[in-house]
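Residue-level structural notes
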Amino acid sequence: MSLLRCSLPVLLALPIAAQQAWRLPERGAVEYRRTATASGATAESIAAVRKLEARDKAPDGVLPRLEPAAWLCHGELTPDQRAIADEPRDLRDVLRAAACDLSLRGGARVRYRRLVPFGDLVVTGRVDGPDEAGRQGFTLALTTEEPEVRPGETKAALGRYIRPLCKYAASGELSVTRQFDAEVGALRSFRAELTLVYEQGRRDCKKLVLTEQWDLVAVHENQDAAFRADVAKAIRSGAKWVRAQLSQFDRRYMKDQANGERSYGSGRLALALLTLLHADTPGDDPVVVGSFDELRRRVLVDTYTLGVALMAMAARYAPPNEADMLRTGVLAAPKPRELSADDRQLAAEWLARLRQNLDTRVDEGYRLRFNYIAGPRFDNSVNQYGLLGLYAAKLCQLDVPASVWRSAAAHLLEVQADDGGRSLRLELVTHRELAAAASGNGKGTRAGSGLVPTRGYAYQGPEKPAYGSMTTAGITGLVIARSGMVQTGLAKADVMPKVDAAILSGFAWLAAEFHVRSNPGYIDRADDNWYYYLYGLERACEIAGVALVQGRDWYFEGALQLMPQQEKNGAFRLERAQGWVVDSTCFAVLFLKKATLPAITGG
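Notes on the structure in this doc start here. (Residues numbered from 1 in each chain as written. Predicted model: local features only at pLDDT ≥ 70, side-chain atom pairs only at ≥ 80, totals over all residues. Heavy atoms only, no water.)

Let us look at the sheet that holds strand S14 (residues 552-553). Read across the sheet, three strands follow the order S11-S13-S14 without closing on themselves; strand pairing throughout is antiparallel. Both edges of this open sheet fall to strand S11 (428-430) and S14, since each of them pairs with a single strand only. Relative to the sheet, helix H13 (residues 431-438) contacts S11 and strand S13 (546-549), its axis offset from that of S11 by approximately 80°. (Pairing = 2+ DSSP bridges. Helix = DSSP H or I, 4+ residues; strand = E, 2+ residues; numbered from the N terminus. Contact = heavy atoms within 4.5 Å. Axes fitted to C-alpha atoms, helices over the stretch in contact; angles between N-to-C directions.)

Bringing the side chain of Lys 206 into the picture now. In this fold, Lys 206 is placed in strand S9 (residues 204-220). A distance of 3.2 Å separates polar atoms of two side chains, one belonging to Lys 206 and the other to Thr 42. Beyond its immediate chain neighbours, meaning those up to four positions away, Lys 206 contacts Ala 41, Thr 42, Val 49, Pro 59, Leu 196, Val 197, Tyr 198 and Gln 200. (Polar contact = N/O pair within 3.5 Å; in protein donor to acceptor, adjacent residues only side chain to side chain.)

Throughout the structure, instances matching the rule amount to seven cavities of 30 Å³ or more. Size it by volume and the largest cavity reaches roughly 190 Å³. Considering the residues around the largest cavity, the lining is formed by 17 residues, among which Pro 64, Leu 66, Arg 517, Ser 518 and Asp 527 are closest to the centre. In terms of residue class, the lining of the largest cavity is built from five nonpolar, three polar and nine charged. (1 Å grid on protein atoms, 1.4 Å probe; cavity = no way out; pocket = protein on both sides within 12 Å on 5 of 7 lines; lining within 4 Å. Points joined across faces, edges and corners; volume = space filled by probe spheres on them. Nonpolar A, V, L, I, M, F, W, Y, C, P; charged D, E, K, R; others polar.)

Now for the pairing of strand S4 (residues 106-115). Bridging between S4 and strand S5 (residues 119-127) involves eight bridges; their strand directions are antiparallel. Looking across to S5, one finds that Ala 108 is bridged to Gly 125. Here S4 folds back onto S5 in antiparallel fashion, the turn holding three residues.

Here the focus is helix H14 (residues 468-487). The first and last C-alpha atoms of H14 sit 29 Å apart over 20 residues, in line with the 28 Å expected at 1.5 Å per residue. With respect to burial, H14 is a largely interior element, 18 of its 20 residues being buried. Downstream of H14 by a residue or two, Gly 489 has a phi angle that is positive, lying close to 85°. (Expected span 1.5 Å × (residues − 1). Buried < 20%, exposed > 50% of the residue type's maximum accessible area, 1.4 Å probe, protein only.)

One pass over the structure, following the stated rule, counts 47 salt bridges. Put simply, Asp 93 and Arg 517 hold a salt bridge, and the shortest N to O gap is 2.7 Å. Linking Asp 93 in helix H3 (residues 91-99) with Arg 517 in the loop between helix H15 (496-513) and helix H16 (530-543), this pair joins segments that are 424 residues apart in sequence. With respect to class, Asp 93 is no different from Arg 517; both count as buried. Residues Asp 379 and Arg 377 are paired through a salt bridge, measuring 3.0 Å at the closest nitrogen-oxygen approach. In this structure Arg 377 comes out as partly exposed when scored by relative accessible area, which is 26%. Among the charged side chains, a network of salt bridges with common partners joins Arg 109, Arg 111, Asp 120, Glu 145 and Glu 148. (Salt bridge = Lys/Arg side-chain N within 4 Å of Asp/Glu carboxyl O.)

The nonpolar side chains of soluble globular proteins are, as a tendency, buried together. Core analysis: the largest hydrophobic core is formed by 134 residues, its most contacted members being Trp 350, Leu 390, Phe 507, Leu 537 and Leu 592. Sequence-distant contacts of Leu 592, that is, excluding residues within four places in its chain, are made with Val 231, Ala 234, Ile 235, Tyr 555, Ala 559, Leu 562, Met 563 and Phe 572. Core analysis: the second largest hydrophobic core is formed by 48 residues, Val 30, Tyr 112, Leu 142 and Val 184 among them. (Core = buried A, V, L, I, M, F, W, Y, C linked by side-chain atoms within 4.5 Å.)

On to H15, then. Over its 18 residues, H15 runs 26 Å from end to end, which matches the ideal 26 Å to within 8%, given 1.5 Å per residue. Taken together, the buried positions of H15 are occupied by Met 496, Val 499, Ala 502, Ile 503, Ser 505, Gly 506, Phe 507, Ala 508, Trp 509, Leu 510, Ala 511 and Glu 513.

Time to look at the packing of aromatic side chains. All chains considered together, the criterion is met by 19 aromatic pairs. A ring pair is formed by Tyr 161 and Tyr 522, whose centres lie 6.2 Å apart and whose planes are at 80°; its orientation type is edge-to-face. Placement of Tyr 161 in helix H4 (residues 155-162) and of Tyr 522 in the loop between H15 and H16 is noted, with a sequence separation of 361 residues between them. Take Tyr 161: its relative accessible area is 11%, and that puts it in the buried class. Among the residues examined, Tyr 522 registers a relative accessible area of 12% and is labelled buried. An aromatic cluster is defined as three or more aromatic residues linked by ring pairs; in this entry it consists of Phe 227, Trp 554, Tyr 555, Phe 556 and Phe 591. Positioned over the ring face of Tyr 535 is Arg 539, at 4.2 Å from the centre of the ring. (Phe/Tyr/Trp six-rings, centres within 6.5 Å; stacked < 30°, edge-to-face > 60°. Lys NZ or Arg CZ within 6 Å of the ring centre and 35° of its normal.)

Assignment of secondary structure puts Thr 454 in the loop between strand S12 (452-453) and H14. A relative accessible area of 2% places Thr 454 in the buried class. At 3.0 Å, the side chain of Thr 454 forms a polar contact with the side chain of Arg 422.

With that settled, the discussion passes to the pairing of strand S8 (residues 186-201). The pairing of strand S7 (residues 170-181) with S8 spans twelve bridges and is classified as antiparallel. Looking across to S8, one finds that Gln 179 is bridged to Ser 189. Taking the residues that link successive antiparallel strands as the turn, the S7-S8 hairpin has four residues, and the phi of Gly 185 there is positive, at about 80°. Sheet topology places S8 next to S9; twelve bridges connect them, and they run antiparallel. Each residue of the ladder has a partner; that of Leu 194, found in S9, is Leu 210. In this structure, the hairpin formed by S8 and S9 is closed by a connection of two residues, where Arg 203 is found at a positive phi of approximately 60°.

Moving on: unusual backbone geometry. Along the chain, Val 116 connects to Pro 117 via a cis peptide bond; the corresponding omega equals 10°. Along the chain, the position of Pro 117 falls in the loop between S4 and S5. The backbone of Asp 280 shows a phi angle near 70°, a positive value even though the residue is not glycine. Note that Asp 280 resides in the loop between helix H6 (264-278) and helix H7 (286-297). Phi at Gln 397 is positive, roughly 65°, even though this residue is not glycine. Overall, Gln 397 belongs to the partly exposed group, its relative accessible area being 37%.

Direction vectors running N to C along helix H11 (residues 380-395) and helix H12 (residues 402-415) enclose 155°, while the axes themselves pass 12 Å from each other. Taken together, the axes of H11 and H12 lie roughly antiparallel to each other. Viewed along their axes, H11 and H12 form a crossing whose handedness is left-handed. Facing Asn 380, Asn 383, Leu 387, Leu 390, Tyr 391 and Lys 394 of H11, the residues of H12 in contact are Val 404, Trp 405, Ala 408, His 411, Leu 412 and Val 415. The class makeup of the residues in the contact of H11 with H12 is eight nonpolar, three polar and one charged. (Parallel < 35°, antiparallel > 145°, perpendicular 65-115°, else oblique. Left-handed = near helix turned anticlockwise from the far one by under 90°.)

Right, here's the structure in full:
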């Protein structure tokens, strides 16, 4: 790939320090080649561990399993294009943030918030300007401080949910050497090293040393030809790996649990089948036919499995290129599925079982929310799959009562978090608006006339901190409920304005917290369910037809992070040791394929 040269002139009349600002293409990105190390040492005292060379593996519990990709996106930058606006969620991201911060000058003090398990990291020191060639080096002292209250958060929530996660006081230093290329408008290279020492327990002191070397590869336009080719290759390779998993249904992760309350094995079978279908495998392919036959033989029990199985059934009968035609406006609505008699009967049986798996504490005529099986609980994760299953069943022309959609909306309105006084001027751009802008027939941006409160979702109730994967689940459910009401004659229902406001508030929360390098929001979930969050982001945006959130191309940025996690065999690396590769691979491929269909929402 050739290096794109920026056409802006070099302002020779200005000092070098004033010239330094990133000049990336709008919604574009800069790619680097990354070399990194992480090492540690252990001693009985802080004084002793400081003297040791870090030759052991890094201490446990301080770094996520997956290494973030070596990219910097235009959308991540501050408005003045001199630093990264997204907060680091990983100590390795602190190195990237410091090295890429071109605003550091003179007496510097920067606070990197909520780096678990340490708290807020504060770096201080003097930063001298670069030389005439753009070279610069500096070393900053590093200490930890108690986390501060963030916008939209109460002191009580900080004390209850955040401070217990920040367990260790640490100190150390952060050093950076870098060279800025004024012609390209990007760092040519940087080397950064972070050293931390802390007391983990009595007579158990740790040293952590991280190094990052980044070297410029290329500057890319948004979704350029190289990106599209890489995405297509990743999908093909991932689908090939998934297809191989469907050759043996007796694999341990495709077997159901003995207690009969969860059919997780069948859920993975259905997820792999759904992935294969969205990766353009025909519905009459032998592996697809054999997988549906296997599902037909099984007794599907829980909401997740039934919901995904119904989604796979709807995908089996989808017309070619339906999603693209919906995004561009060639189709106004998804095509109703014409199932065979056998498949229609099977889907109807799945739907009947799914509709039984409700929270038994509420009257479904007023509040409808799903549990794994019928019982006195719910969560917003499994509830999402229940609604996706209902949405797929409706697409398959099965009977779903109109009252279901209003009751589902009532639940989601009830459990959406309070805004905590935080709001923003939300900007959402749809696929059709973006296409119109590219052709010169539209503005390409749609901003609200006022401030929109930011309201996310937690796993269950609104009293706990919201986070990304649950907020995308809430948005998806609200859009499904709205679509169901529109299609069943309830477009003017009195609850509809509240649903519309809740959808916008959900997107406002995503906009305020947006990034794709971890699961955003509540830091206790940051390193958990990252693939699930990205697939949830795809669902929420695609079902609502949203291409850009606050000017950021969620798909481009997410794909740039996803693709480096793919192994040579097509599978995607696990984010946690106890997970299943089939889950991460399916979620990744479904994201890359943009598998979710835009819903009929009436405008």
